[in-house]
Amino acid sequence: MGVVSRSVGNAFRNKVRSGAVIVILAVAIGLALAMLVANQAVASKVDSLKASIGNNLTINPAGARGGFGGGTPLTTAQLTKAAAVPHVAAAQGLLAVRLATNNGTTTGSSGSSNDSGRAGRFGTAGTTSLQSAVAPGVLGARNNSAGASGGTAATPSFSLPIQATGITGSLTASGTAFNITSGSGFSDFAGTSTQALVGSTLATKNGLKVGSTFTVQDRTMKVTGIFDAGTAFDNNAIYLPLAATQTLTDQAGQLSSISVVVDSIDNVSTTQTALTDALGSSTVDVTAGSTNLQSAVTSLGSVQNISLIAFIASLVTAGLIVLLIMIMVVRERRREIGVLKAIGAGNRTIGLQFVIEALVLVALGTVVGSIVAAFSSNPIVSALVASNTTSNAAGRPRQGAANAVGGFGGGGFGGRGVFSGANQLIGTISTSVGWQTLVIGAVGILAIAAIGALVPALLTAKVRPIEVLRGE
Amino acid sequence: MLTVTNIVKKFNSGERTIKPVNGITFSVEQGTFAAILGKSGSGKSTLLSLLGALDKATSGEVIVDGVNISALPDSKLTAYRRDDIGFVFQQYNLIPNLSAKENVMLPMEFAGVSHAERSKRAGALLEQVELTEEMHGRLANRLSGGMQQRVAIARALANEPKLILADEPTGNLDDETGELIIALLRRLSHEKKTTILVVTHDHALAGQADRKFRLARGTLTEEAVRRQG
Ligand SMILES: Nc1ncnc2c1ncn2[C@@H]1O[C@H](COP(=O)(O)OP(=O)(O)O)[C@@H](O)[C@H]1O
Ligand SMILES: [Mg+2]
């Protein structure tokens with residue numbers, strides 16, 4: 001019979017009360033743990049969303065986007081201006097053009113048109129020997145038809161044009177690094193360059209390897225690298241040096257868009273405004289990679305804060321429960337503490353006995369609370385996320401869709417829900433308990449146990465041995 | 001072995017100050033079985049609490065085996081209560097959710113005695129106070145008053161103290177059981193040469209003592225004992 005077993009025994013002296021205390025502690029600790037799990041789950045989701053937003057902005061000519069709209073092409077002077085705006089880490093001019101397959105039966109006029117100037121039918125800026133890896137299909141036929149849209153009537157067979165994008169660096173049109181699966185990036189960015197990067201499916205379709213050649217207009221291009229951009233649309237494209245693209249398509253000094261990398265995700269929206277102001281809102285449209293993703297991050301951020309506050313509040317509640325119940329126990333056992341002192345117990349022995357007694361209650365509360373948390377974490381996360389994102393859900397239309405970007409290609413325009421909101425972007429948040437969560441939870445619970453138990457333990461030191469004679 | 005010099009204990013209750021102990025001087029030899037008589041509220045418990053270091057005297061000295069306990073710091077007083085004093089109370093004051101044996105082991109635990117040794121000695125002490133083996137494991141609050149007081153006496157003897165202070169140990173017991181308890185204390189004091197001070201207002205029990213004191217109006221006076229047999 002040592003101090004530990006005595007304390008465990010004391011914890012259950014009043015079984016009904018101890019049971020009630022454990023249940024209340026379990027609810028508070030369970031809630032705290034659930035909030036912690038929610039916090040961690042949301043934090044990792046925010047990280048992954050932030051990573052997928054990237055720090056990118058795209059500058060398009062005002063009124064033009066992808067294959068739609070009109071306006072005046074951007075210029076290299078505007079690129080210089082954009083690069084000078086604060087927080088712009090890098091700005092890359094891009095010239096996206098459509099190349100018709102020269103042995104194919106592409107309808108639509110060929111001419112020296114920027115691909116952003118046309119609507120409805122395909123306009124092409126030049127020709128290539130490459131064959132599209134994507135079959136036109138219904139969407140391609142519809143995009144290419146002259147009359148009312150929506151018709152699915154048989155159309156003459158034709159080949160989809162190939163998107164060629166002129167670049168000046170090592171980033172793709174969306175501002176991310178190339179995933180080059182074989183070969184390497186450009187080394188010659190001059191107007192006379194014959195280097196080209198080819199998407200993986202396009203390379204396969206045309207039997208191209210690193211070092212193979214094909215033609216753009218009348219120039220023979222050499223494949224320096226093959227990239228995998230991850231989607232069928234993006235892999236059915238080629239990249240050329242910007243100057244070469246401008247020369248080959250007679251668009252000297254012209255850009256179809258400017259891709260801007262902002263120094264930090266947090267500066268994206270201010271930089272967006274700054275760029276619009278610098279270049280003029282009548283000249284350019286500046287778009288963020290995804291406004292919805294940003295609003296998703298914002299609303300998840302508030303969920304993160306709420307869950308953190310709730311975690312702390314629940315822990316404090318648990319601490320108060322321990323504190324009050326132990327103060328009550330000490331008051332109740334004043335006389336017994338006097339007895340222990342009268343027969344020679346030191347303050348430390350008695351204090352320790354009460355600390356252990358409190359720890360026993362907290363430990364059992366934690367065991368039951370963990371079970372509570374295991375069952376409540378997922379519903380709590382869903383409830384928190386749902387109530388904090390609905391107001392932001394109907395955001396701005398999202399750019400880009402699988403297999404089709406900007407009214408061009410086999411997938412059509414906006415293959416994915418154009419108006420998909422923040423809610424769908426957040427998707428499911430999985431709650432799994434990582435070791436950090438366990439450590440934080442354990443530390444928090446130990447802290448409350450310590451605080452909740454120390455005060456009463458110190459109170460026992462104040463009880464004088466003469467208390468034993470009370471009531472005699 | 002116990003020398004008390006002019007001790008005073010003052011209580012401030014509201015406006016008034018009361019001095020239940022007001023200048024008490026006496027001494028007893030090792031192995032003495034002494035009785036202290038006095039009316040209820042005369043200050044008997046207060047006097048014992050000063051001797052047992054449950055409370056501090058307002059003034060005066062208590063010297064036990066040459067050590068002035070009135071001058072000891074708190075940490076030394078804990079050791080004094082643990083090693084040199086055995087208390088027996090009117091209300092027994094056992095820890096109710098511990099067994100008889102566990103109660104007796106408690107002071108030894110505080111003194112750092114190993115579990116095996118504690119268990120062995122507690123068993124022997126319970127035998128000495130005439131508690132049968134089957135009672136040793138019984139919870140303290142399941143024992144009769146007389147048995148609880150026997151356990152309390154065994155607990156008081158646990159660390160082989162020099163001085164046992166018993167505050168009306170028979171107050172809650174019937175006459176017959178009370179006589180047995182007094183006889184037990186008397187036997188122990190003679191066998192173990194332990195000094196025992198028993199507070200009682202039962203003259204018959206006081207008659208068994210080696211020395212007899214009366215506490216009244218804050219002072220202690222010795223009365224002659226008529227030794228029987
Ligand atoms: N802590 C205290 N505060 C005030 N008065 C006290 C205190 N303890 C005892 N007294 C008073 O001292 C007197 C003696 O009490 P006590 O020693 O318990 O008497 P006895 O044990 O002889 O019955 C009583 O009048 C009691 O009310
Ligand atoms: Mg009394």
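What counts, and at which threshold
Residues numbered from 1 in each chain as written. Chains lettered and ligands numbered in written order. Predicted model: local features only at pLDDT ≥ 70, side-chain atom pairs only at ≥ 80, totals over all residues. Heavy atoms only, no water. Helix = DSSP H or I, 4+ residues; strand = E, 2+ residues; numbered from the N terminus. Buried < 20%, exposed > 50% of the residue type's maximum accessible area, 1.4 Å probe, protein only. Contact = heavy atoms within 4.5 Å. Areas by Shrake-Rupley, 256 points an atom, 1.4 Å probe, with all protein chains shown as cover. Axes fitted to C-alpha atoms, helices over the stretch in contact; angles between N-to-C directions. Parallel < 35°, antiparallel > 145°, perpendicular 65-115°, else oblique. Left-handed = near helix turned anticlockwise from the far one by under 90°. Nonpolar A, V, L, I, M, F, W, Y, C, P; charged D, E, K, R; others polar. Phe/Tyr/Trp six-rings, centres within 6.5 Å; stacked < 30°, edge-to-face > 60°. Pairing = 2+ DSSP bridges. Salt bridge = Lys/Arg side-chain N within 4 Å of Asp/Glu carboxyl O. Near = heavy atom within 4 Å. Polar contact = N/O pair within 3.5 Å; in protein donor to acceptor, adjacent residues only side chain to side chain. Buried area = accessible area lost by both parts, 1.4 Å probe. Expected span 1.5 Å × (residues − 1). pLDDT = per-residue confidence, 0-100.

Let us now look at the overall build of chain A. Check the secondary structure of chain A and you find 12 helices and 15 strands. Looking at chain A residue by residue over its 472 residues, the buried ones come to 49%. Considering only contacts in chain A between residues 6 or more positions apart, those separated by 24 or more positions represent 81%. Accessible surface, chain A: about 20,200 Å² in total, of which carbon and sulfur atoms supply 61%.

A few words now on the overall build of chain B. Within chain B one finds eight helices and 10 strands. Counting the 229 residues in chain B, one finds 53% classified as buried. Of the roughly 10,000 Å² of accessible surface on chain B, 46% is carried by carbon and sulfur atoms.

Residues and elements named next belong to chain A. Interaxial distance between helix 3 (residues 76–83) and helix 7 (residues 268–279) falls to 10 Å at its minimum, and their mutual angle equals 135°. What the angle tells us is that helix 3 and helix 7 run oblique. In this structure, helix 3 crosses over helix 7, and the sense of that crossing is right-handed. Between helix 3 and helix 7, the contacting residues are Gln78, Lys81 and Ala82 on the first element and Leu275, Ala278 and Leu279 on the second. For the contact of helix 3 with helix 7, the class distribution of residues is four nonpolar, one polar and one charged.

Scanning the model with the defined rule gives six aromatic pairs over all chains in all. Judged by centre distance (5.1 Å) and plane angle (5°), the rings of Phe87 of chain B and Phe89 of chain B are stacked. Each member of the pair, Phe87 of chain B together with Phe89 of chain B, is buried. A network of ring pairs unites the aromatic residues Phe178, Phe227 and Tyr239 of chain A as a single cluster.

Residue and element names in this part refer to chain B. With mixed pairing, the six strands of this open sheet are ordered in space as 6-7-8-3-9-10. On the outer flanks of this sheet lie strand 6 (85–88) and strand 10 (219–223), each paired with one strand and no other. Shown here is a sheet whose adjacent strand axes are inclined to one another by a mean of 20°, direction ignored. As judged from the four bridges shared by strand 3 (residues 33–37) and strand 8 (residues 195–199), these two strands associate in the parallel manner. Within the sheet, the bridge partner assigned to Ala34 lies in strand 8 and is Leu197. Sheet contacts for helix 6 (residues 145–157): strand 6 and strand 7 (163–167); angle to strand 6, the most-contacted strand, approximately 170°.

Applying the stated criterion across every chain yields a total of 17 salt bridges over all chains. For Arg333 of chain A, the salt bridge goes to Glu357 of chain A, with nearest N and O atoms at 2.9 Å. A residue pair is termed long-range when its members are at least 10 positions apart, and Arg333 of chain A in the loop between helix 8 (291–332) and helix 9 (334–342) and Glu357 of chain A in helix 10 (residues 347–389) qualify at 24 residues. The residues Arg333 of chain A and Glu357 of chain A share a single accessibility class, namely buried. The partner of Arg187 of chain B in a salt bridge is Glu130 of chain B, and the shortest N-O contact between them spans 3.3 Å. With Arg187 of chain B in helix 7 (residues 175–192) and Glu130 of chain B in the loop between helix 4 (115–128) and helix 5 (133–136), this pair connects stretches of sequence that are 57 residues apart. By relative accessible area, Arg187 of chain B is classed as partly exposed at 29%. Several salt bridges converge on common partners, so that one network encompasses Glu130, Arg150, Arg187 and Glu191 of chain B.

A separate point is the site of ligand 1. All names here are of chain B. All residues adjacent to ligand 1 are Phe11, Ile18, Pro20, Lys39, Ser40, Gly41, Ser42, Gly43, Lys44, Ser45 and Thr46. At 2.6 Å from an oxygen atom of ligand 1 is found a main-chain nitrogen or oxygen belonging to Gly41. Take Thr46: an N or O atom from its side chain is 2.5 Å from an oxygen atom of ligand 1. For ligand 1, whose free accessible area comes to 550 Å², the fraction covered by protein is 61%. Elements with a contribution of two residues or more to the shell around ligand 1: strand 2 (16–28) and helix 1 (44–51). Per element, the largest residue contribution to the shell around ligand 1 is three residues, and it comes from helix 1. By residue class, the composition of the shell around ligand 1 is three nonpolar, six polar and two charged.

Once that is clear, we can look at the interface of chain A and chain B. Counting residues at the interface gives 25 residues for chain A, matched by 26 residues for chain B. Taken together, both faces of the contact between chain A and chain B bury some 2,200 Å²; the carbon and sulfur share is 60%. Viewed at the interface, chain B and chain A are joined by two salt bridges. Viewed at the interface, chain B and chain A are joined by six residue pairs in polar contact (both at pLDDT 80 or more). Here the side of chain A that touches chain B is built from residues that sort into 11 nonpolar, seven polar and seven charged.

Here we take up the packing of helix 3 (residues 100–110) of chain B against helix 6 of chain B. Axes are the key here: two packed helices are described by the angle between their axes and the distance separating the axes. Residues and elements named next belong to chain B. One can describe the packing of helix 3 onto helix 6 by two numbers: an axis separation of 7 Å at closest approach and a directional angle of 25°. Considering their axes alone, helix 3 and helix 6 lie roughly parallel with respect to each other. Crossing angle aside, the handedness with which helix 3 passes helix 6 is right-handed. Across the interface between the two elements, Ala100, Asn103, Val104 and Pro107 of helix 3 pack against Val151, Ala154 and Arg155 of helix 6. Looking at the contact of helix 3 with helix 6, its residues break down into five nonpolar, one polar and one charged.

Tracing the backbone shows Asn10 of chain A in helix 1 (residues 3–11). For Asn10 of chain A, a relative accessible area of 3% gives the class buried. For the pair Asn10 of chain A and Val360 of chain A, spaced 350 residues apart in sequence, the C-alpha separation works out to 9.7 Å. Among all residues touching Asn10 of chain A, those that are not within four sequence positions of it are Arg333, Gln353 and Glu357 of chain A together with Asn97 of chain B.

Before going further, it helps to spend a moment on helix 12 (residues 435–462) of chain A. Under the 1.5 Å per step criterion, the end-to-end length of helix 12 of chain A is 41 Å for 28 residues, consistent within 8% with the ideal 40 Å. Among the residues making up helix 12 of chain A, those that are buried are Thr437, Gly441, Gly444, Ile445, Ile448, Ala449, Gly452, Ala453, Pro456, Ala457 and Thr460 of chain A.

We now examine the sheet that holds strand 2 of chain B. Residue and element names in this part refer to chain B. With antiparallel pairing, four strands are arranged side by side in an open sheet as 2-1-4-5. Strand pairing shows two members of the sheet lacking a second neighbour, strand 2 and strand 5 (67–68), which therefore form its edges. Alignment of strand 1 (residues 2–13) against strand 2, held across nine bridges, turns out to be antiparallel. Within strand 2, the position partnered with Ile7 by the bridge is Ile24.

With that settled, the discussion passes to the confidence of the model for chain A. All names here are of chain A. With 79% of its residues at a pLDDT of 70 or more, chain A has an overall mean of 79. When pLDDT is averaged over each helix and strand of chain A, the minimum, 50, is found for helix 11 (residues 422–426) and the maximum, 94, for helix 9. Here residues 104–121 is modelled with pLDDT under 50, and outside its nearest four sequence neighbours on either side it reaches 54 contacts, counting other chains as well. Taken together, the stretch residues 390–423 has pLDDT below 50 and engages in 71 contacts with residues farther than four places along the chain or on a different chain.

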